[in-house]
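Below, each chain spelled out in residue letters.
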Amino acid sequence: MKNLRHPTSPPRRSPAKAIMPLLLAGLLAVGGALTFTGTAHAGTTLGASAAEKGRYFGAAVGTYKFSDSTYMSVLNREFNSVVAENEMKWDATEPQRGVFNYSGGDRIVSHARANGMIVRGHTLLWHAQQPGWAQGLSGSDLRNAAINHVTQVATHFRGQIYAWDVVNEAFADGNSGGRRDSNLQRTGNDWIEAAFRAARAADPGAKLCYNDYNTDGINPKSTGVYNMVRDFKARGVPIDCVGFQSHLGTSIPSDYQANLQRFADLGVDVQITELDVAQGANQAGIYAAVTRACLAVSRCTGITVWGVRDCDSWRSDNPLLFDCAGNKKPAYTAVLDTLNGGTNPNPTGNRLRNEGSGRCLDVTGASTANGTQMIIWDCHSGANQQFTQNGQALQVMGKCLDAPPNATPGTRVQIWDCWGGANQQWVFNGNATISNVQTGLCLDVNGAATANGSAVIVWTCHGGANQRWVRA
Ligand code: G3I
């Protein structure tokens, strides 16, 4: 069994916390199928809900926040994995050549152990945040210093790291699909595999990851990484996982899940390693979509958000799951609901929020006339967005959601007097789609549009974000 070995005298902790690393170890060590079988239970924290799905849910942390009680209470309550945002990087751990400082990293590891969390290691080699002395080296001198760094740091933390980002951000942006120019790259194209071999020798129990950004969809950069991983697997270079940072703006690549899957199909785990999402109309929907994609890929072993609260983020666009006071944001609820398979332990309302647009299912103009068509609109508290389930009917303002008789793909959905027909019965599917009993077609935002007023139709079910709806 891989990893998560603990020192012989762990600090005292509650029984529930004490079993968490073992539970996670058992769930995470299997490499392949990670499906959890007890899904009837719905967790009430990110970590607990992810663990029920055989995954971890982590946050990047900094020890300079450890004296902030709000920060610590959210961290300890919600997360079962941590990564050092800065404290395990080269400039922090080897400020002078051959002089190592593990104080920050050790503090994070010991906090994790005391609180039943696993630890991701970030990062052994990166072109950025190198100490000044390394920036001035080149050639074999730099290569030797870099490999020695990998060996020393991985040895120091041996047995305490679930997965290491051995190499970070080594591929170029743009369409080349090639490596990024850097002092490390100029030591020879084999520097990455040399780093992975050194890391494996130093800590055989840690999963070894390659980590990068702008590789979240299928594009030339991610394909460059894909080709490297395929080559490593073919030649026996030790690589176990690929990290997808997922620093996202106001949209998510449509092939996000397919991209994770193609890497998993190479025989490596995949992890979402630095997730944060711009706060816009659809922050919650994008967070939900990322979570859903990870759950749908059996080798996606966990998700890490890059910070705890908005004020802890390196970004200024409020990209995280908690506001500065530590309150849960709608994005938090969307992630938790998704982890719980749509079962919200703390229901927040009867609206149906579309994942693709972030907008809510809405009766046009709040009209109650038969035949009034459905649209998407900004979520609000009006009665024309409040749906209650009555059997398989979805009632709104005393009427029923209705696919007109003889509806075909493209037919607009409307409201009509409730009469109990199959065209007024709807099924909530496990993948968050809602299908019509009569036609078998799914509730769909026409053309995957996102604007207010876009039409809601029935269409052949494909599970895309414009067909996924979460209670909000
Ligand atoms: O601690 C010093 C402080 O003493 C000094 O006065 C101040 C002056 O600028 O700098 C402080 O250090 C900063 C450090 O964060 C800690 O706050 C560095 O300047 C700053 O460069 C550093 O930024 C980090 C950045 O990586 C470095 O490139 C961010 O916190 C961190 O979130 C970010 O994380 C990266 C991942 O490692 C890799 N993927 C992208 C991600 C976001 O950029």
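Bear in mind that the values here come from a model prediction, so they are computed numbers and not experimental data.

Another aspect to go through is helix 8 (residues 191-202). Between its first and last C-alpha, helix 8 extends 16 Å over 12 residues, near the 16 Å set by a 1.5 Å rise per residue. What helix 8 keeps buried is the set Trp191, Ile192, Glu193, Ala195, Phe196, Ala198, Ala199 and Ala202. At its buried positions, helix 8 is contacted by strand 3 (118-126), helix 7 (139-156), strand 4 (163-168), strand 5 (207-212) and helix 9 (220-235).

On to the site of the ligand. Taken together, 13 residues lie near the ligand, and Glu85, Lys89, His122, Glu169 and Glu274 sit nearest. Side-chain polar atom of Gln129 to an oxygen atom of the ligand: 3.4 Å apart, as the coordinates give it. Gln245 is positioned such that a nitrogen or oxygen atom in its side chain is 3.1 Å from a nitrogen atom of the ligand. Protein contacts shield 46% of the accessible area of the ligand, which totals 780 Å² for the unbound molecule. Its residues assigned to classes, the shell around the ligand shows 3 nonpolar, 6 polar and 4 charged.

Attention now goes to the pairing of strand 2 (residues 81-84). Residues of strand 2 alternate between two faces, with Ser81 and Val83 on one and Val82 and Ala84 on the opposite face, all of them buried. Where strand 1 (residues 56-61) and strand 2 come together, 4 bridges link them in parallel fashion. Of the residues in strand 2, the one forming a bridge with Ala59 is Val82. The pairing of strand 2 with strand 3 spans 3 bridges and is classified as parallel.

The next thing to look at is the pattern of salt bridges. In total, this model carries 23 salt bridges according to the counting rule given. A salt bridge links Asp68 to Arg309; the shortest N-O distance between them is 3.0 Å. Taken together, the residues span a long stretch of sequence, with Asp68 in the loop between strand 1 and helix 3 (69-78) and Arg309 in the loop between strand 9 (300-305) and helix 12 (330-339) at a distance of 241 residues. Classification of Asp68 as partly exposed rests on a relative accessible area of 27%. Each of Lys65, Asp68, Arg309 and Asp312 takes part in a single network of salt bridges with overlapping partners.

Tallied over the full model, the rule gives 12 aromatic pairs. Ring plane angle 75° and centroid distance 5.0 Å describe the contact between Phe244 and Phe263, whose orientation is recorded as edge-to-face. Of this pair, Phe244 sits in strand 6 (residues 241-244) while Phe263 sits in helix 10 (residues 256-264), and the two are 19 residues apart along the sequence. For Phe263, a relative accessible area of 0% gives the class buried. Every member of this aromatic cluster is reached through a ring pair, and the members are Phe57, Phe79, Phe322 and Tyr332. The ring of Tyr213 is capped by Lys221, whose NZ or CZ atom sits 3.6 Å from the centre of that ring.

About the cut-offs
Residues numbered from 1 in each chain as written. Predicted model: local features only at pLDDT ≥ 70, side-chain atom pairs only at ≥ 80, totals over all residues. Heavy atoms only, no water. Helix = DSSP H or I, 4+ residues; strand = E, 2+ residues; numbered from the N terminus. Expected span 1.5 Å × (residues − 1). Buried < 20%, exposed > 50% of the residue type's maximum accessible area, 1.4 Å probe, protein only. Contact = heavy atoms within 4.5 Å. Near = heavy atom within 4 Å. Polar contact = N/O pair within 3.5 Å; in protein donor to acceptor, adjacent residues only side chain to side chain. Areas by Shrake-Rupley, 256 points an atom, 1.4 Å probe, with all protein chains shown as cover. Nonpolar A, V, L, I, M, F, W, Y, C, P; charged D, E, K, R; others polar. Pairing = 2+ DSSP bridges. Salt bridge = Lys/Arg side-chain N within 4 Å of Asp/Glu carboxyl O. Phe/Tyr/Trp six-rings, centres within 6.5 Å; stacked < 30°, edge-to-face > 60°. Lys NZ or Arg CZ within 6 Å of the ring centre and 35° of its normal.

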